Amino acid sequence: MPNFHTKNLELPNFPATFGESEFLLQAISKRDDRLVMCRCRGVELLIKIHQTKDGFLVKGDKITRPSNVAILQQALRDFRDWTNSKPFYSNIDSKKQKNLKHSPYLKDMNYFANEFKTDLEILVEVGFGSGRHLLYQAIKNPHTLVIGIEIHKPSIAQVLKQCELQNITNILVVDYDARTFLEFLKSNSVRAIFVHFPVPWDKKPHRRVISDAFISESKRVLQVGGTLELRTDSDNYFFYSFEEFLKQSRVELKIHKNRDLEISSKYEDRWKRLEKNIYDIIMTNQEFSKDVESVKTLKFEKRLDFRRVKDNFKEITMSFDGFFVHLERIYTIKENEGLIRVSFGSSHRNEHSYVYITQEGVSYMPNNILATKDNLNAHKIIEDLLWNM
Ligand SMILES: C[S@@+](CC[C@H](N)C(=O)[O-])C[C@H]1O[C@@H](n2cnc3c(N)ncnc32)[C@H](O)[C@@H]1O
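Residues numbered from 1 in each chain as written. Predicted model: local features only at pLDDT ≥ 70, side-chain atom pairs only at ≥ 80, totals over all residues. Heavy atoms only, no water.

Draft legend 1. Spatial organisation of the pairing of strand 17 (residues 323-334). By the criterion of burial, strand 17 is predominantly enclosed, with 10 of the 12 residues buried. Looking at chain direction, strand 3 (residues 21-29) and strand 17 are connected through 2 bridges and run antiparallel. Within the sheet, the bridge partner assigned to Ile28 lies in strand 17 and is Thr332. Sheet analysis places strand 16 (residues 316-319) next to strand 17, joined by 4 bridges and oriented antiparallel. Within the sheet, the bridge partner assigned to Ile316 lies in strand 17 and is Leu327. With antiparallel pairing between neighbouring strands as the criterion, strand 16 and strand 17 make up a hairpin whose turn holds 3 residues, including Gly322 at a positive phi of roughly 90 degrees. Summarising the sheet, strand 17 and strand 18 (residues 337-346) pair through 10 bridges and their orientation is antiparallel. Paired with His326 across the strands is Ser343, a residue of strand 18. Hairpin connection, strand 17 to strand 18: the antiparallel pair is bridged by 2 residues. (Buried < 20%, exposed > 50% of the residue type's maximum accessible area, 1.4 Å probe, protein only. Helix = DSSP H or I, 4+ residues; strand = E, 2+ residues; numbered from the N terminus. Pairing = 2+ DSSP bridges.)

Draft legend 2. Region of interest: the pattern of salt bridges. Evaluated as defined, the whole model comprises 31 salt bridges. In this structure, Glu121 engages Arg191 in a salt bridge whose closest nitrogen and oxygen atoms are separated by 2.7 Å. One end of the pair, Glu121, is in strand 9 (residues 121-126); the other, Arg191, is in strand 12 (residues 190-196), and 70 residues separate them in sequence. For Glu121, a relative accessible area of 29% translates into the label partly exposed. With relative accessibility at 27%, the residue Arg191 sits in the partly exposed group. Residues joined by salt bridges that share partners form a network here, namely Glu229, Arg231, Arg259, Asp260, Glu268, Lys272 and Asp280. (Salt bridge = Lys/Arg side-chain N within 4 Å of Asp/Glu carboxyl O.)

Draft legend 3. Quick look at the domain arrangement of the protein chain. Entries for the protein chain in the domain assignment read domain 1 (3-90), domain 2 (106-285) and domain 3 (306-387). Taking only C-alpha atoms into account, the centre of domain 1 sits 23 Å from that of domain 3. Residue-level contacts link 17 residues of domain 1 with 13 residues of domain 3. In this assembly, domain 1 packs against domain 3 so that about 1,300 Å² is buried in total across both faces, 67% of it on carbon and sulfur atoms. Per-residue buried area on domain 1 facing domain 3 is highest for Leu35, Met37 and Ile63; these three make up 36% of the total on that side. Counting the contacts that link domain 1 with domain 3 gives 2 salt bridges. Between Arg341 and Asp61 there is a salt bridge, and its shortest N-O distance comes to 3.8 Å. Contributions of two or more residues to the side of domain 1 that touches domain 3 are made by strand 3, strand 4 (34-40) and strand 5 (43-52). The element best represented in the side of domain 1 that touches domain 3 is strand 3, accounting for 5 residues. In terms of residue class, the side of domain 1 that touches domain 3 is built from 8 nonpolar, 3 polar and 6 charged. (Domains from an automatic or database assignment. Contact = heavy atoms within 4.5 Å. Buried area = accessible area lost by both parts, 1.4 Å probe. Nonpolar A, V, L, I, M, F, W, Y, C, P; charged D, E, K, R; others polar.)

Draft legend 4. The nonpolar core, seen in detail. Formed by 39 residues in total, the largest nonpolar core has its most connected members in Phe112, Ile147, Phe181 and Ile193. Per-element tally for this core: the top contributor is helix 2 (residues 109-114), with 4 residues. (Core = buried A, V, L, I, M, F, W, Y, C linked by side-chain atoms within 4.5 Å.)

Draft legend 5. Quick look at the site of the ligand. As a structural note, the neighbourhood of the ligand is formed by 17 residues, with Gly127, Glu150, Ala178, His196 and Ser265 the closest of them. The separation between a nitrogen atom of the ligand and a polar main-chain atom of Gly127 is 2.8 Å. One of the backbone nitrogen or oxygen atoms of Ala178 is found 2.9 Å away from a nitrogen atom of the ligand. Bound to the protein, the ligand loses 89% of the 600 Å² it would expose on its own. Here the ligand is seated within the second largest pocket. The set of elements that each furnish at least two residues to the shell around the ligand consists of strand 10 (144-150) and helix 5 (178-181). The residue makeup of the shell around the ligand, split by class, is 9 nonpolar, 5 polar and 3 charged. (Near = heavy atom within 4 Å. Polar contact = N/O pair within 3.5 Å; in protein donor to acceptor, adjacent residues only side chain to side chain. Areas by Shrake-Rupley, 256 points an atom, 1.4 Å probe, with all protein chains shown as cover. 1 Å grid on protein atoms, 1.4 Å probe; cavity = no way out; pocket = protein on both sides within 12 Å on 5 of 7 lines; lining within 4 Å. Sits in = over half its atoms within 2 Å of the grid points.)

Structure representation (structure tokens):
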């Protein structure tokens, strides 16, 4: 994360424009941590100033970090010069970037929430790893859209490169947790979902991809006759999953042991060399599902008196069935304006955000948090807590 350490820092008056950045306002916590709201190259972000024993640590706030780190680096360079800081440590001039390179095949969740439309049949692969099976399916089915979901960035980068090299254009890759992704797809729109060699998570079963909720959501997005295919080398995961699949009504379940596929993944090659058993569970959906409302972004409708929130604010953590809410810290901008740092959502995908309270209204910052089921449930609790303080 770009940052610099400085002994001295002089904060001029807000708002101000310096270099490519506008410094709009500052918010201060009880512990005297400061957040500076900044707009750089059209992107709004927060810069965090933390007092240390030898001066100040200045860095981009994680929650509002732009996907293009170069923008944050520019904002920090402008901030350094605006505040006349002379850093004794800094990495904000570094050109090294850990971001995934822009690619027409790489899409974020806002794309799936707001723009995604296709008349093509869809195949989905969860946790594609080296991508052998994903690329194979895309080449074999040129008139089908193949969506690959993966959380491991080097695997994503590798597949994006292969798409370019082999001129494969019917793949979309998304860097997101598969357990939430399916909520963004229309009912009855997918021909097959592949989950090959998921991590068994024997010690942390709550992290498993296969669960009753995931299978139900898969069934909703599958066409009648569409399949969810689990392939695993773990006896334990197989037995666990089989019980989860049995909870579904109106499906056909098929089990294979040591079935050969036309394409073998890296993992599969390894297990075969070790002569391990490989199990498949293939669930065929037999039921048409109702349409569901598409996922939008979270919004607050009513105004809120920041003074009352500030007088009564307490850090709170609350856990519910599958989701949680944490009101973490409050920052004051002026008497009737402030920010509250919050985290919330499902236990497998936390959202971190600020609730930005002004006289004009209340919004999340960043304000593109998707209204998945768990986020929506958590949002209602946040509303309840803040408006009843
Ligand atoms: C054991 S590897 C298998 C890779 C590939 N399917 C194969 O057969 O070679 C499991 C993959 O799933 C990915 N993964 C784990 N949990 C995930 C999740 N919740 N959402 C998306 N991908 C996930 C991991 O990053 C990893 O690449």
